[in-house]
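Observations on the three-dimensional arrangement
The residues making up each chain are set out below.
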Amino acid sequence: SGSYVCLPDWRVYKTGGTESTGAATDADADAITGIILAVKSVEGDSPRPWWYDEARHWADASASAFFEFNVDKSRGDHRLLKLGSCWGGWDGNGNNPSYHSPGAYRVMRDFQMS
């Protein structure tokens, strides 16, 4: 999908605007998985909810953006989840094992393959 619609900045003012830019990978994984679960839970409904097509597009575009911007792919076939779209990765760039959610990555992969 050509646009990435749902990797928000990680700190947003409640009145609008952002305090800190760049996505936070742990929150992104949770949000994308939640959107996918919502879409999958009603895909067999007839009629589908009014929001179904838009949420399906968001989930697909966001999963693509997650892999594009939140994963350090600088070491060939090895990949590492970054701390955010603007920081983290291999060597001294930082990493935190609590950010890793392999189940969410499989959910995104399987959703995009379906």
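Everything discussed here concerns the structure shown above.
Remember, predicted model here, so these are calculated numbers, not experimental data. (Residues numbered from 1 in each chain as written. Predicted model: local features only at pLDDT ≥ 70, side-chain atom pairs only at ≥ 80, totals over all residues. Heavy atoms only, no water.)

Let us look at the environment of Y99. Relative to the elements of secondary structure, Y99 occurs in the loop between β4 (78–81) and α3 (102–113). A sequence separation of 18 residues divides Y99 from L81, and the C-alpha atoms of the two residues are 7.8 Å apart. Those residues within four positions of Y99 in sequence are excluded, and the remaining contacts are T25, D26, L81, K82, L83 and Y105. (Helix = DSSP H or I, 4+ residues; strand = E, 2+ residues; numbered from the N terminus. Contact = heavy atoms within 4.5 Å.)

A few words now on helix α2 (residues 52–70). In a regular helix each residue adds 1.5 Å, so 19 residues correspond to 27 Å; α2 covers 26 Å between its end C-alpha atoms and thus fits that length. For α2, the complete set of buried residues consists of Y52, A55, A59, A61, S62, A63, A65, F66 and N70. Of the surrounding elements, those touching the buried residues of α2 are α1 (25–42), β3 (71–75), β4 and α3. (Expected span 1.5 Å × (residues − 1). Buried < 20%, exposed > 50% of the residue type's maximum accessible area, 1.4 Å probe, protein only.)

By volume, the largest pocket is sized at about 320 Å³. As for the largest pocket, its lining consists of A63, F66, F67, V71, R79, L80, L81, H100, Y105, M108, R109 and Q112. Looking at the lining of the largest pocket, the elements with two or more residues in it are α2, β4 and α3. It is α3 that contributes the most residues to the lining of the largest pocket, four residues altogether. Taken together, the residues of the lining of the largest pocket sort by class into eight nonpolar, two polar and two charged. (1 Å grid on protein atoms, 1.4 Å probe; cavity = no way out; pocket = protein on both sides within 12 Å on 5 of 7 lines; lining within 4 Å. Points joined across faces, edges and corners; volume = space filled by probe spheres on them. Nonpolar A, V, L, I, M, F, W, Y, C, P; charged D, E, K, R; others polar.)

This brings us to unusual backbone geometry. A cis amide bond, omega 0 degrees, links S46 with the succeeding residue P47. Relative to the elements of secondary structure, P47 occurs in the loop between α1 and α2. If you check the backbone angles, D91 has positive phi at about 55 degrees while not being a glycine.

Under the criterion given, the structure shown has three salt bridges. Residues D91 and R75 are paired through a salt bridge, measuring 2.6 Å at the closest nitrogen-oxygen approach. Of this pair, D91 sits in the loop between β4 and α3 while R75 sits in strand β3, and the two are 16 residues apart along the sequence. Classification of R75 as partly exposed rests on a relative accessible area of 35%. (Salt bridge = Lys/Arg side-chain N within 4 Å of Asp/Glu carboxyl O.)

Moving residue by residue along a regular strand, the side chains alternate between the two faces of the sheet. Taken together, the three bridges between β3 and β4 define a ladder with antiparallel strand orientation. Within β4, the residue paired with R75 across the bridge is H78. Connecting β3 to the next strand, β4, in antiparallel fashion are two residues, including G76 with a positive phi near 60 degrees. (Pairing = 2+ DSSP bridges.)

Taken as a whole and assessed by the stated rule, the structure comprises one aromatic pair. Judged by centre distance (5.9 Å) and plane angle (35 degrees), the ring pair of F66 and Y105 falls under tilted. Separated by 39 residues along the polypeptide, F66 in helix α2 and Y105 in helix α3 bring together distant segments of the chain. Taking the relative accessible area as the measure of exposure, F66 reaches 4% and is therefore buried. Here the guanidinium or amino end of K73 rests over the ring plane of F67, the centre of that ring lying 4.6 Å away. (Phe/Tyr/Trp six-rings, centres within 6.5 Å; stacked < 30°, edge-to-face > 60°. Lys NZ or Arg CZ within 6 Å of the ring centre and 35° of its normal.)

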